[in-house]
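Now for the letters of each chain:
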Amino acid sequence: MTATDFAGRKASLLEPDARTIARNAAERRFRLTGMAAVGVGMLALVFLLASVLGNGVSSFRQTHIEMAIPLDEAKLDKSGKRDPAVMAKVTTVGYGKLIQSSLQKMLEDRGVDTGGMQPKELMGLMSKEAAADLRDTVLANPDLIGTTLTFNAMANGRVDGYFKGRVTMESAERDSNISPEQLQLAQRMADAGVIKTGFNWAFLTNPDASELRPESAGLGVAILGSAYMMLIVLVLSLPIGVAASIYLEELAPKNRWTDLIEINIANLAAVPSIVFGILALALFINFLGLPQSAPIVGGLVLTLMTLPTIIIATRASLKAVPPSIRDAALGVGASKMQAIFHHVLPLAMPGILTGTILGLARALGESAPLLLIGMVAFVKDYPSSPPEGFFDPASALPVQVYSWTQRADPAFAERASGAIIVLLLFLLTMNAVAIILRRRFERRW
């Protein structure tokens, strides 16, 4: 079969001409380019996840030294009345001596060769936090005095790194914090079942630690601070954002002023986050006098960042509701407000919730504005319960990652990767919830 093209030439319908062949080749090239772009993106994602997981999974495991410690009443509570005020007078130095003597006795009983190490070198295998942990345990439960407590003391960060493969004998020769002889003793203790490595719950519950105690650093304060800020953002941004969207989309007259407001909302969604941090520093801290490094300030600045995202998503959801829904409601006698709140808003709610969750997920991962309001400060104490806790010093997950990457000890780099894993899990959970809500409640028109 033949046909005539636009130029009047004879062409076969069964055999493609040169132009068709070139068009099909261009389409194939475009498909291959798209597939290559997707492949590059997937490879970059795999490399990123492999790097984070490879460096951070080990932070969820911690090496402990297990020992039995006799809690002598004569040393810990001379009065015998179990008075917390009297017991608190025994400092960590006194508890450290108990740990030292118990460690020496335990090694002798197990037949572990110490190589003639001095007591100070033996204690160097242990975290400097061990004495404080033992003291807190006894003060929390005074009835333990007079008994023998099986205590799991955290190992020193270098010893912990040795059993995770981060520290070697060669690196220990150049390290002033550990010696190869101490690592050899740690290996003998592990062979005798004295040193064990298990899941590190303290990483999720402990507060931050000083430079000398990387093994005891945790995300407890950062997780709590992030939760407080997300609560503030949710309570403020959702009603304000939805109310503003309803007014602009359903009630506001279409004129130059509403056009100007819409343009500025779109521009605010693209403003770098650090600009909001400068605004928070000037307005909330310098002008209003709110405390630095407090969840209330972090929540307010993240609310300002999240509002444009929620408004844009909510307006898109309201606009997606067919006009026939509004017309039908008005036609049966409903008022404008009844049509909005009884018909339009429920149908738009899946999109509104999805936009809100995605906005919260973005706010959860922000660090630049929080750095400017002082949340990078070292915070050891947990904030109180709300509402007082909103004004107490706290940290946040992304800021904690930044803080740990600035410290010299390699153990903090491991902790930073672990914190990134926790942050990614929170973000993945929030995005999964957004997808579930959309698929469950979305209606197609």
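Details of the structure are given in the entry above.
Please read all numbers here as calculations on a predicted model, not as lab measurements.

(A) Broad picture of a negative patch on the surface. Taken together, the side chains of Glu121, Glu170, Glu173 and Glu181 make up a negatively charged region of the molecular surface. Checked against the element boundaries, Glu121 lands in helix H5 (residues 119-123).

(B) Quick look at the sheet that holds strand S5 (residues 195-199). The three strands lie next to each other as S4-S3-S5, forming an open sheet whose pairing is antiparallel. Of all strands in the sheet, those bounded by a partner on one side alone are strand S4 (148-154) and S5. The sheet shows a mean angle of 40° between the axes of neighbouring strands, direction not considered. Note: strand S3 (residues 61-70) against S5, five bridges, orientation antiparallel. Each residue of the ladder has a partner; that of Arg61, found in S5, is Phe199. Across the face of the sheet, helix H6 (residues 130-140) comes into contact with S3 and S4 while running at roughly 140° to S4. Against the sheet, helix H7 (residues 157-164) touches S3 and S5, its axis set at about 125° to S3.

(C) Seen up close, the side chain of Arg415. When you line up the elements, Arg415 lands in helix H19 (residues 410-441). Classification of Arg415 as buried rests on a relative accessible area of 1%. The contacts of Arg415, once residues within four sequence positions are left out, are Ser59, Gln62, Lys164, Asn200, Phe203, Pro214, Glu215, Ser216, Ala217 and Trp404.

(D) View of the nonpolar core. Met230, Leu302, Leu370 and Trp404 are the most contacted members of the largest nonpolar core, which has 47 residues in total. Broken down by secondary-structure element, the contributors of at least two residues to this core are helix H11 (220-251), helix H13 (273-287), helix H14 (295-320), helix H16 (336-364), helix H18 (397-405) and H19. Residues Ile65, Leu76, Leu103 and Ala131 belong to the second largest nonpolar core, which totals 39 residues.

(E) The pattern of salt bridges, seen in detail. Considering all chains together, one arrives at 17 salt bridges under this definition. Note that Arg166 and Glu414 form a salt bridge whose closest N and O atoms lie 2.9 Å from each other. Of this pair, Arg166 sits in the loop between H7 and helix H8 (169-173) while Glu414 sits in helix H19, and the two are 248 residues apart along the sequence. Overall, the relative accessible area of 5% leaves Glu414 in the buried class.

(F) Quick peek at H16. Taking 1.5 Å per residue, 29 residues should reach 42 Å; H16 reaches only 37 Å between its end C-alpha atoms and comes up short. Taking the largest bend as the criterion, H16 deviates by roughly 50°, centred on Leu345, and proline Pro346 comes between one and four positions later.

Criteria and thresholds
- Residues numbered from 1 in each chain as written.
- Predicted model: local features only at pLDDT ≥ 70, side-chain atom pairs only at ≥ 80, totals over all residues.
- Heavy atoms only, no water.
- Patch = residues over 30% accessible without salt bridge, like charges linked within 9 Å, V, L, I, M, F, W, Y side chains within 5 Å.
- Areas by Shrake-Rupley, 256 points an atom, 1.4 Å probe, with all protein chains shown as cover.
- Salt bridge = Lys/Arg side-chain N within 4 Å of Asp/Glu carboxyl O.
- Lys, Arg positive; Asp, Glu negative; His and termini not counted.
- Charge placed at Lys NZ, Arg CZ, Asp CG, Glu CD.
- Helix = DSSP H or I, 4+ residues; strand = E, 2+ residues; numbered from the N terminus.
- Pairing = 2+ DSSP bridges.
- Axes fitted to C-alpha atoms, helices over the stretch in contact; angles between N-to-C directions.
- Contact = heavy atoms within 4.5 Å.
- Buried < 20%, exposed > 50% of the residue type's maximum accessible area, 1.4 Å probe, protein only.
- Core = buried A, V, L, I, M, F, W, Y, C linked by side-chain atoms within 4.5 Å.
- Expected span 1.5 Å × (residues − 1).
- Bend = angle between axes of the 7 residues up to and from the residue.

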